[in-house]
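# Observations on the model geometry
Given next are the chains, with one letter for each unit.
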Amino acid sequence: MSEHEFKGLIGQPLDRVEGPLKVSGRATYAADWRGDKPHLIGFIVESPVAKGRIVSIDTKAAEACAGVEAVVTHENTPKQIPFGERAKGGRFAQSHAMMRTDAIRHLGYPVALVVAQTFEQARHAASLVRCEIAAEDGVFNPEKHEDQAVKPDELDGTPEVDTEAGDFEAEYGKAAHQVEGEFHTPSQHAAAMEPHATVAQWDGDKLTVHMSIQILGDGRKAFANTFDIDPEDVRIVSPYIGGGFGSKLGVHNEAILAAHGAKLTGKPVRIAQHRRNVFSNGPHRPRHRQRLKLGADANGKIVAIDHATLSIMARDYPFAEAAASPTRASYATKAMRTSHRVVEGDIPKADSMRAPGEAVGTLTFESMIDELAHSCGVDPVEFRVRNEPEKDPHSGKPFSTRKMRRCLQEGAEKFGWKGPVSRREGDWLIGHGMAAAIRPNLMQEAEAEIELSTDGHLTVRLDMTDIGTGTYTILTQIAAEAMGVAPEHVTVKLGDTDFPETCGSGGSFGAGSTGTAVFEAAKALKDDLLKRAAKADSEWKGTNSKELRIDGANIALGNRSLPIAQLGDGSGGISAKGAAKPGKEYKTMAQYSYGAQFAEVAVDAVTGEIRLRRLTGVFDAGLILNEKTARSQLMGGMIFGIGAALMEESLMDERYGAFMNRDLAEYHVAVNRDVPRLDVHMIEGFDENSNPLGSKGIGELGICGAGPAIANAVFAATGHRVRKFPIHMEDLLEHLPAIG
Ligand code: MOS
């Protein structure tokens, strides 16, 4: 383990500081917010067709209903910039115009918003809106329209859409072991517990929204770009979020609609999407077809990798999921080719969801690696160790810290790995499988402010969000340790664009980026306090601010002490700002977090029912900022991995472009009965190339590798490789042992 300076609160398993507020119902989520003015409720009328133009819309019956104050349609929406324009700031900041014209973008697209005094009034009146639409044929399945496939301008976060190194055909052609496969991974929905919700209010040209959103800074630009107003005139407040998983990175349909309703009525308007809304008025992970070809030499060394994906993109919403990106940094090889193609479709927004790229990319790639190891006759753990790259095979750059070998070896030990075991226990076929996990470690720009009151209390402010991840807690720990105080002397305030701008929550970059900003703010505050102290009392000259502590209403250093009240200008607290941005190590090095996951499954030999029995994950994420919340993140990720392997799938009726399973009864996430004992282990570490805290991204790491470990265990149990996800019992039925 590397030595580091953090010996105090950072890393400790501190309970969530906002936990009592949440369990007692006092944490104000977006739809809980009540201002000083009574507000109206909006209810969305969804289009029953995916593509077409509104011929006529009759809102008279709805308008005549008791309590209805407005019906918003494309005929009376305020001025908006066309959807998709001003995309230079990225998809989260582009115009998200709603009902600007008579065009329908996807099935479930709003054709009207009914605004009434109560939810029941709005919902009833919404049922009376009549809309005639001239329907057109839409594009829903990229494979059926592959002739329209294009190379996207960029992938999520990387300009490299395709890569090619070495001569794939030559290396694959002469490889002693060749495996190939075509996989299908489904559309999925984030299924956050809290549906998307917004309360919007206009005061003249100024817009205030209380909403559930992961990245406030971009959200503010999205409103500005939609309504052609100054971002400074938009305030977003989002202190508590009931899960995002990517589905709340940006603003979604109800947010713009609430602003429409508020503009038209002159009153605040609240819209909470209902569960079925979320499946069409929130984003989803796009489906993929993934083709893989892998070759290895006679010594079990990988020589050739080809990973080609075909997916779908919503029109004018540039998100292409980088499913082949984890492949690029995983194993040493002589030749490698990766490519991504997309077809533009008439679907709700396709967007980032829980480990975009890796979640579905490692699912297929690590299945094929398993197959290649089998073909080579090498144990899958040993095969991965043997093919560990010394430098990033894609860029040739050195890795920051890469403890993949340790993850693999410790995981094997903790799980009791004896190879891909396959045995029978009565009617159950038992199999063991494993997979490697990899996820980019990102760093983004962030600012934070810290204020010391004269009585020694610290208040930290930044527009970062806590989407259930533990942000309030880790930032409290970082500020407390940096200032040398107990956590109860720190209050962290998040989720308000009035606070310094950050990157928000996403891409597993939140903790490292905003934690660094808070750490830097604390350092700046200490430097400033020492300067003020030296001015007030020359005894303090020449001391080191690192040793400065807050001691009650005083600052202290060694045996010196001074009242904080004597240091300020008499107007109250003393505050300082800090900033974080990616260092040059993000250009010169390949930065990733790693893990290895091991699964035991039991498959019913008669019915094909699949039960996960245990799952062990070992992870390398640098310095762990809070042992308890980090474990919780990893466990949640592993549970998503169970869903990816066995359950989660948004099914579309391709005649209509309609997602069919639009609720949590039919969109299956792993529930308690599906989740066995999860063993989570974190390798102690400190990545000095990552950020001053030495941490690496952890939020999405647990997802990566969990799904394929389970899929590989199903293969071990049954001898059959299923090439579509999720794996269902009916996929195995024909491949079970004969009964008799
Ligand atoms: Mo994440 S899918 O960037 O919230």
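Above: the structure in question.
The structure contained in this document is the topic of the report that follows. (Residues numbered from 1 in each chain as written. Predicted model: local features only at pLDDT ≥ 70, side-chain atom pairs only at ≥ 80, totals over all residues. Heavy atoms only, no water.)

### Here's the deal with the nonpolar core
Grouped together as the largest cluster of nonpolar side chains are 82 residues, with contacts concentrated most on Leu294, Val601, Leu615 and Ile710. What Leu294 contacts, discounting residues up to four positions off in sequence, is Tyr172, His177, Gln178, Val179, Ala304, Ile305, Phe365, Met368, Ile369 and Leu372. Judged by nonpolar contacts, the second largest core, of 52 residues, contains Leu475, Ile478, Leu530 and Leu567. (Core = buried A, V, L, I, M, F, W, Y, C linked by side-chain atoms within 4.5 Å. Buried < 20%, exposed > 50% of the residue type's maximum accessible area, 1.4 Å probe, protein only. Contact = heavy atoms within 4.5 Å.)

### Comments concerning the sheet that holds strand β4 (residues 103–104)
If you walk across this open sheet you meet the three strands as β4-β2-β6, and the pairing is antiparallel. The outermost strands of the open sheet, each flanked by one partner alone, are β4 and β6 (130–135). As judged from the two bridges shared by strand β2 (residues 52–58) and β4, these two strands associate in the antiparallel manner. In the sheet register, Arg53 faces β4, and the bridge partner there is Ala103. (Pairing = 2+ DSSP bridges. Helix = DSSP H or I, 4+ residues; strand = E, 2+ residues; numbered from the N terminus.)

### What about the sheet that holds strand β19 (residues 428–440)?
If you trace the five strands from one edge of the open sheet to the other, you get β18-β19-β27-β28-β31, paired in mixed fashion. Each edge of the sheet is formed by a strand with only one pairing partner; in this case those strands are β18 (422–425) and β31 (677–682). Ignoring strand direction, the axes of neighbouring strands in this sheet form an average angle of 20°. The strands touched by helix α11 (residues 404–415) within the sheet are β19, β27 (592–604), β28 (610–620) and β31, with β27 carrying the most contacts at an inclination of about 30°. (Axes fitted to C-alpha atoms, helices over the stretch in contact; angles between N-to-C directions.)

### Quick word on the pattern of salt bridges
Pairing between side chains of opposite charge can happen when the charged atoms of each approach one another. If you walk through the whole model with that rule in mind, you get 56 salt bridges. Measuring nitrogen to oxygen at the nearest pair gives 3.1 Å for the salt bridge that ties Asp228 to Arg86. Pair noted here: Asp228 is in the loop between α5 (216–227) and β12 (234–237) and Arg86 is in the loop between β3 (68–72) and β4, with a separation of 142 residues, a long-range link. By relative accessible area, which is 34% here, Asp228 ends up partly exposed. (Salt bridge = Lys/Arg side-chain N within 4 Å of Asp/Glu carboxyl O.)

### Description of the pairing of strand β5 (residues 110–116)
Within β5, seven of the seven residues are buried, which leaves the element mostly enclosed by the surrounding structure. The pairing of strand β1 (residues 40–46) with β5 spans six bridges and is antiparallel. Residue pairing in the sheet places Gly42 in a bridge with Val115 of β5.

### Some words on the environment of Asp218
Counting through the fold element by element, Asp218 comes out in helix α5. In this structure Asp218 touches Phe92 and Ala93, once residues within four positions along its chain are discounted.

### Some points on the state of the cysteines
One pass over the structure, following the stated rule, counts zero disulfides. Cys704 supplies the cysteine sulfur nearest to Cys503, a cysteine that is in no disulfide, at a spacing of 19 Å. Accessibility expressed as a relative area gives 9% for Cys503, which makes it buried. The cysteine Cys704 is free of any disulfide, with Cys407 supplying the nearest cysteine sulfur at 12 Å. By relative accessible area, which is 0% here, Cys704 ends up buried. (Disulfide = S-S within 2.5 Å.)

### With respect to the side chain of Asn225
Examined against the element boundaries, Asn225 turns out to sit in helix α5. Classification of Asn225 as buried rests on a relative accessible area of 15%. Among the polar contacts listed, one links the side chain of Asn225 to the backbone oxygen of Ala93, at a separation of 2.7 Å. The contacts of Asn225, once residues within four sequence positions are left out, are Ile81, Arg86, Ala93, Gln94 and Ser95. (Polar contact = N/O pair within 3.5 Å; in protein donor to acceptor, adjacent residues only side chain to side chain.)

### Things to note about the packing of aromatic side chains
Overall, the coordinates contain 17 aromatic pairs when judged by the stated rule. Ring geometry for Phe168 and Tyr172: centres 5.2 Å apart, planes at 15°, overall stacked. Note that Phe168 and Tyr172 are positioned in helix α4 (residues 168–173) at a spacing of four residues, about one turn of the helix. Looking at Phe168, the relative accessible area reads 1%, which means it is buried. Tyr172 gets classed as buried once you look at its relative accessible area, which sits at 9%. Members of the aromatic cluster, connected to one another through ring pairs, are Phe6, Phe519 and Phe686. For the cation-ring pair, Lys349 lies above Tyr317, with the distance from its terminal atom to the ring centre recorded as 5.5 Å. (Phe/Tyr/Trp six-rings, centres within 6.5 Å; stacked < 30°, edge-to-face > 60°. Lys NZ or Arg CZ within 6 Å of the ring centre and 35° of its normal.)

### Observations regarding the side chain of Asp463
Position of Asp463 among the secondary structure elements: in the loop between β21 (458–461) and α12 (471–483). Buried charge without a partner: Asp463 forms no salt bridge, and the closest opposite charge is Arg220, 6.5 Å away. Within polar-contact distance, the side chain of Asp463 engages the backbone nitrogen of Thr502 at 2.7 Å. Those residues within four positions of Asp463 in sequence are excluded, and the remaining contacts are Leu216, Gly217, Gly495, Asp496, Thr497, Phe499, Pro500, Glu501 and Thr502. (Lys, Arg positive; Asp, Glu negative; His and termini not counted.)

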